[in-house]
Amino acid sequence: MTFRHNSSVAAVNSPPIAEAQAWIRGRTFSADKPLLDLAQAVPSYAPAEALTRHVATVAARPATSLYSAILGISELRAAFARHIGAEYGARVSAENVAITSGCNQAFCVAASALAGPGDEVIVQVPFYFNHVMWLQMQGIEPVYLPFRAEEPGRLQLEAIEERLTPRTRAMVLVSPCNPTGAEFSSADIEAVHELLSNRGVTLIIDETYKDFRAQAGPPHTLMSQAAHTRDGLVQLFSFSKAYSMTGYRVGAIACNGTLLTEIEKILDCIAICPPRISQEAAIFALEHLDEWRNDKAGLMKERVEALRRVFAQSNLSYRLISSGAYFAYVRHPFPGTPAVEVARGLAERENVLCLPGSFFGPEQDDYLRLAFANLDSHQFEPMVERLLASQKRT
Ligand SMILES: Cc1ncc(COP(=O)(O)O)c(C=O)c1O
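Everything numeric here is computed off the predicted structure, so don't read it as measured data.

**Here we look at the nonpolar core**
Right, so step 1: In terms of nonpolar packing, the biggest core is built from 71 residues, with Val234, Leu236, Ile253, Ile263, Phe311, Tyr318 and Met383 touching the most fellow members.
Right, so step 2: Ranked by residue count, the leading element in this core is helix H5 (residues 103-114), at seven residues.
Right, so step 3: Counting residues in each nonpolar core, the second largest holds 42 residues, with Ala41, Ala48, Tyr88 and Phe327 among its members.

Have a look at this one:
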């Protein structure tokens, strides 16, 4: 007997990080050529010790084992509203904030509250794969904006306008971008938002990497605009990277109250509430770890600079197309060879694990994504040596 499954889910690719990790499963690596793991965007450092100590204390409190409100502990919603209000120069109400079990869940519930089967969502290529996987599973059609390697940090208003149809419900933007690391300017983001708002289309902006921007000042001024304009805006955040809390699973959404009411229904069904102990950790992070977060963001900026230097100073035929936040997007020197083959070869022969561009959208076979946040700067030289060695093999 063959049991039938949901064909929309079955049609979606396997989880990309797990696929890449399978390339090295069961292998051991010698001390003279250890694995350089550039696959998943995980900070290379532990969370603040003060945070883990706090979590140990909180674990003993009876209330910690209970559900919280669906949209999160009110203290956390208020602390997060204050935090983004200060960062974006805007007045943000706790009523406009939902806490989620990570930013991936934030995207899923926001997208599902906005769009359903047969609707369209515009997605910038190269995209964050989990966004597109979710849309496809829901029967929502991703409509792609093509990549322009010569201007990875610009948004293409005309191309966006051409893709708007009566079925368009939203456009999703990741800034700074995963996988390119590119940051979109405040002016570009605002222009896109205006274009979309005038057509009743919501901008979903995933700002998971907001703390790792090179540009100073607020990422955009959309939060401080009038409520009717802000209504077409959904902002997504993550505690995973800024506080090195990937396993705690805390994210957040800021959007208008009407949409939040819809989102609340979905969150109730899938998680009831975010893990309470993790929410306590997030409150602590917001209240006590500004300095820690800024130090780590500074460290990441140093890594971006170090990475750009090693690429500029070597004889690499791998070309750095774009870099920033946690990522480098690189053109590999084997035109015509599928990126997945190049990435697999690097894993098997050079012990360098990275992701092929093809995981991030159509026509990305010339590229690789290096999540350099996982490496300390002293590992960049060996990384370049191994990339050089891979060039010589062909
Ligand atoms: C753009 C983007 N959004 C969301 C996430 C997931 O964040 P979280 O761990 O909060 O679910 C990631 C993780 O890599 C990401 O790169």
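On we go from here.
**A look at the packing of H5 against helix H6 (residues 129-137)**
For any two helices packed against each other, one specifies the crossing angle of their axes together with the interaxial distance.
Right, so step 1: Running from N to C, H5 and H6 cross one another at 35°; their axes reach a closest spacing of 10 Å. Read as a crossing pair, H5 and H6 show a hand that is right-handed. Counted together, Asn104, Phe107, Cys108, Ala111 and Ser112 of H5 and Asn130, His131, Trp134 and Leu135 of H6 form the full contact between these two elements.
Right, so step 2: Grouping the constituent residues of the contact of H5 with H6 by class yields five nonpolar, four polar and no charged.

**Overview of the packing of aromatic side chains**
Where two aromatic rings form a pair, the distance of their centres and the angle of their planes describe that pair.
Right, so step 1: Within this structure, the stated rule accounts for 18 aromatic pairs.
Right, so step 2: Each ring, one from phenylalanine 80 and one from phenylalanine 239, has its centre 5.7 Å from the other, and the planes form 45°; the classification is tilted. Of this pair, phenylalanine 80 sits in helix H4 (residues 74-88) while phenylalanine 239 sits in the loop between strand E7 (233-238) and strand E8 (251-254), and the two are 159 residues apart along the sequence. By the burial criterion, phenylalanine 80 is buried, and phenylalanine 239 matches it.

**Here's the deal with the sheet that holds strand E4 (residues 141-145)**
Right, so step 1: Sheet architecture is open: seven strands sit in the order E2-E8-E7-E6-E5-E3-E4, paired in mixed fashion. Strand pairing shows two members of the sheet lacking a second neighbour, strand E2 (97-100) and E4, which therefore form its edges. Looking at each pair of strands side by side, their axes are set apart by 20° on average, direction ignored.
Right, so step 2: Both strand E3 (residues 120-124) and E4 contribute to a ladder of five bridges, which runs parallel. Each bridged residue has a counterpart across the sheet, and for valine 121 the counterpart in E4 is proline 142.
Right, so step 3: In the packing of helix H8 (residues 186-197) onto the sheet, the strands contacted are strand E5 (168-174), strand E6 (202-206) and E7, and the crossing angle to E6 comes to about 150°.

**A look at the pattern of salt bridges**
Right, so step 1: Under the criterion given, the structure shown has 17 salt bridges.
Right, so step 2: Of the charged contacts, one joins arginine 169 and aspartate 119 as a salt bridge, the two residues approaching to 3.5 Å between their closest N and O atoms. Of this pair, arginine 169 sits in strand E5 while aspartate 119 sits in the loop between H5 and E3, and the two are 50 residues apart along the sequence.
Right, so step 3: The class for arginine 169 is partly exposed, based on a relative accessible area of 30%.
Right, so step 4: Within the structure, one salt-bridge network assembled from shared partners comprises Glu87, Lys210, Asp211, Asp290 and Arg293.

Cut-offs used in this document
Residues numbered from 1 in each chain as written. Predicted model: local features only at pLDDT ≥ 70, side-chain atom pairs only at ≥ 80, totals over all residues. Heavy atoms only, no water. Core = buried A, V, L, I, M, F, W, Y, C linked by side-chain atoms within 4.5 Å. Buried < 20%, exposed > 50% of the residue type's maximum accessible area, 1.4 Å probe, protein only. Helix = DSSP H or I, 4+ residues; strand = E, 2+ residues; numbered from the N terminus. Axes fitted to C-alpha atoms, helices over the stretch in contact; angles between N-to-C directions. Left-handed = near helix turned anticlockwise from the far one by under 90°. Contact = heavy atoms within 4.5 Å. Nonpolar A, V, L, I, M, F, W, Y, C, P; charged D, E, K, R; others polar. Phe/Tyr/Trp six-rings, centres within 6.5 Å; stacked < 30°, edge-to-face > 60°. Pairing = 2+ DSSP bridges. Salt bridge = Lys/Arg side-chain N within 4 Å of Asp/Glu carboxyl O.

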